[in-house]
Amino acid sequence: MTYYSTNNKNITADFRQATITGQAPDKGLYYPSDIPVLPQALLNGLSELSKEEIAFTVIRPYVAGTIPDDVLHKIVSETINFNFPLIPINETISALELFHGPTLAFKDVGARFMSRCLGYFNGSNNQKVTVLVATSGDTGGAVANGFEGVEGVEVIILYPSGKVSPVQEKQLTTCGDNIIALEVDGVFDDCQAMVKQAFLDSDLHAQYQLTSANSINVARWLPQQFYYFFAAQQWRLDEAPVICVPSGNFGNICAGMVAHKSGLPVKHFIAACNANDTIYQYLQTGIMPEKGTTSTISNAMDVAKPSNFVRIMEMYNNSLRDLLVNLSAAAVSDEVTLSVMREVYSTYGYTLDPHGAVAYKALSDYLKINGGAGYLLETAHPVKFPEPVEQATGQQVPIPATIAPIMQLPKRSIAMANSYIGFKDWMMHRR
Ligand SMILES: *Cc1c(COP(=O)(O)O)cnc(C)c1O
């Protein structure tokens, strides 16, 4: 298995190169040269296998020999050493809870897998790798935690001051010495712009071996397939599920669609979006609207140009007609999101976070028209978004015991003006 650039099939890389560089040199995304078809025996016997065995079998063809089996087995086991329960909310809708990892968001899986792969690839290298990442909240925490203490790798996180929740800020700023949090006097887009410019800066490249840790990196994107197999282990109905994914950059749902292409039974996929509805519009009209980003209460999905959508189109040979057979989308306003959180809490006693609530609405609307049953991906713990959750349910969300200790630790961040020059100057003189 190799990977080719979505801009040019002649630009290829193996898993190692694709992981280390993140993006193809022509700015395309790496896409697998072929999607493996899993043996029917494996697909039929999922409930008898361990999570580790499934994850190892699913990811092994993608790693394609660049990591020895024993090392890969260890990496996979460490990546998924927590629970992924499928919890029924009512007769037709369940929630696949992906928030039982160390930072309470689904991004833990991708970040843990990628950090360990990069640590392995860098073992024989004496230049330190610097992971540069901008975050609106969840990515930074997962990446910080995933890379904490990884030999030969340092992580520099840029986050918008005052724009992340208290739990998120602690997760960003209380990690080990190889994790550095820069608190930028600006918004997420400013942080993102600084990181993008840094990747184009030859002075920085001369001094650093830079890489990115967002979902365009194959090592963060592909292990997200695991969730859908773990859900299948717990799915009890004869008919395959409709799966609804709260989507921002579309990495998670794209991984699910890859799993489906490998043979996993899925009736239909729904991409649930908030006011940032570019893909919803595209699926309706065939025209990709040019829009800016709108701030919402499901802020991890505030993405105007979802980067992984090109991979989805690639999977369907750029045929929108073929894609529509498997994928629908919905757009849900903040107002409706809050009312869904309120209603699901009062009717079923289940607390959704805003991202899960957007998905609940999209899934229940779909099932009302089309019948069937399904699950949504509950991508973050409600405690990460306390304001809207408390507003909707009237209940305080208790801080889970697993993260209570970090709430006591002092925050360690470096204040940074909203200026690329200032950031670059700091980077050039810090070591
Ligand atoms: C990142 C994130 C999403 C969006 O996932 P994509 O893979 O970017 O589509 C949804 N919900 C939460 C809580 C997230 O952190």
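Residues numbered from 1 in each chain as written. Predicted model: local features only at pLDDT ≥ 70, side-chain atom pairs only at ≥ 80, totals over all residues. Heavy atoms only, no water.

A. Geometry of unusual backbone geometry. For leucine 104, which is not a glycine, the phi torsion comes out positive at approximately 65 degrees. Here leucine 104 shows up in the loop between β5 (93–97) and α5 (107–121). (Helix = DSSP H or I, 4+ residues; strand = E, 2+ residues; numbered from the N terminus.)

B. Inspection of the site of the ligand at higher detail. Every one of the 15 residues lining the ligand counts as a neighbour, but Lys107, Asp138, Gly248, Asn249 and Thr379 are closest to it. Between the ligand and phenylalanine 250 there is a distance of 2.8 Å, counted from an oxygen atom to a backbone nitrogen or oxygen. Relative to its free-state accessible area of 380 Å², the ligand is covered by the protein chains to the extent of 96%. Of the residues that constitute the shell around the ligand, the class distribution is six nonpolar, seven polar and two charged. (Near = heavy atom within 4 Å. Polar contact = N/O pair within 3.5 Å; in protein donor to acceptor, adjacent residues only side chain to side chain. Areas by Shrake-Rupley, 256 points an atom, 1.4 Å probe, with all protein chains shown as cover. Nonpolar A, V, L, I, M, F, W, Y, C, P; charged D, E, K, R; others polar.)

C. Just the environment of proline 25, in detail. For proline 25, the location among the structural elements is in the loop between α1 (15–21) and β3 (30–32). Placed 246 residues apart in sequence, proline 25 and alanine 271 show a C-alpha to C-alpha distance of 29 Å. If near-sequence neighbours (up to four positions away) are discounted, proline 25 is found in contact with Ile11 and Tyr30. (Contact = heavy atoms within 4.5 Å.)

D. Local environment of the pattern of salt bridges. Across all of its chains, the model carries 16 salt bridges by this definition. Two residues, aspartate 138 and lysine 384, come together in a salt bridge whose shortest N-O distance is 2.8 Å. Of this pair, aspartate 138 sits in helix α6 (residues 138–147) while lysine 384 sits in the loop between β13 (374–378) and α18 (386–393), placing them 246 residues apart in sequence. Of the two residues, aspartate 138 and lysine 384, neither departs from the other in class, the shared state being buried. Between lysine 424 and aspartate 203 there is a salt bridge, with the nearest N and O atoms lying 2.7 Å from each other. Pair noted here: lysine 424 is in helix α20 (residues 420–429) and aspartate 203 is in helix α9 (residues 202–207), with a separation of 221 residues, a long-range link. Given a relative accessible area of 19%, lysine 424 falls into the buried group. (Salt bridge = Lys/Arg side-chain N within 4 Å of Asp/Glu carboxyl O. Buried < 20%, exposed > 50% of the residue type's maximum accessible area, 1.4 Å probe, protein only.)

E. Inspection of the nonpolar core at higher detail. The biggest cluster of nonpolar side chains holds 96 residues, and the ones touching the most others in it are Phe15, Phe113, Tyr228 and Leu323. Residues Met301, Val344, Tyr366 and Val389 belong to the second largest nonpolar core, which totals 34 residues. (Core = buried A, V, L, I, M, F, W, Y, C linked by side-chain atoms within 4.5 Å.)

F. Here's a closer look at the sheet that holds strand β4 (residues 86–88). The strand order across the open sheet built from six strands is β4-β5-β13-β10-β11-β12, with neighbouring strands paired in mixed fashion. Every interior strand has two partners, whereas the edge strands, β4 and β12 (327–331), have only one. Across the sheet, the mean angle separating the axes of adjacent strands is 25 degrees when strand polarity is ignored. Across five bridges, strand β11 (residues 268–273) lies against β12 in parallel orientation. If you follow phenylalanine 269 over to β12, its bridge partner there is leucine 327. In the packing of helix α11 (residues 225–234) onto the sheet, contacts are made with β4, β5, β10 (242–246), β11 and β13, and the angle to β13 comes to roughly 135 degrees. (Pairing = 2+ DSSP bridges. Axes fitted to C-alpha atoms, helices over the stretch in contact; angles between N-to-C directions.)

G. Broad picture of the packing of aromatic side chains. Applying the stated criterion across every chain, the model contains 16 aromatic pairs. With a centroid separation of 4.9 Å and an interplanar angle of 55 degrees, the aromatic rings of phenylalanine 84 and phenylalanine 230 are classed as tilted. Of this pair, phenylalanine 84 sits in the loop between α4 (69–79) and β4 while phenylalanine 230 sits in helix α11, placing them 146 residues apart in sequence. With relative accessibility at 4%, the residue phenylalanine 84 sits in the buried group. An aromatic cluster of three or more residues is present, and its members are Phe82, Phe84, Phe106, Phe226, Tyr227, Tyr228, Phe230 and Phe269. The side chain of arginine 311 reaches across the aromatic face of tryptophan 221, ending 4.1 Å from its centre. (Phe/Tyr/Trp six-rings, centres within 6.5 Å; stacked < 30°, edge-to-face > 60°. Lys NZ or Arg CZ within 6 Å of the ring centre and 35° of its normal.)

H. Looking closely at the state of the cysteines. Applying the stated criterion to the full structure yields zero disulfides. With no disulfide partner, cysteine 191 has as its closest neighbouring cysteine sulfur the one in cysteine 175, 17 Å distant. Not part of a disulfide, cysteine 273 finds its nearest cysteine sulfur in cysteine 244, a span of 9.2 Å. For cysteine 273, a relative accessible area of 1% gives the class buried. (Disulfide = S-S within 2.5 Å.)

I. Layout of the sheet that holds strand β14 (residues 414–416). Strand order in this open sheet of five strands is β9-β6-β7-β8-β14, and the pairing throughout is parallel. Where the open sheet ends on each side, the last strands, each with one partner, are β9 (209–212) and β14. With direction set aside, neighbouring strand axes in the sheet form an average angle of 30 degrees. Strand contacts of helix α8 (residues 188–199): β6 (129–134), β7 (153–160), β8 (179–184), β9 and β14, with the helix running at about 150 degrees to β6, the strand carrying the most contacts.

None of this, on its own, says anything about what the molecule does.
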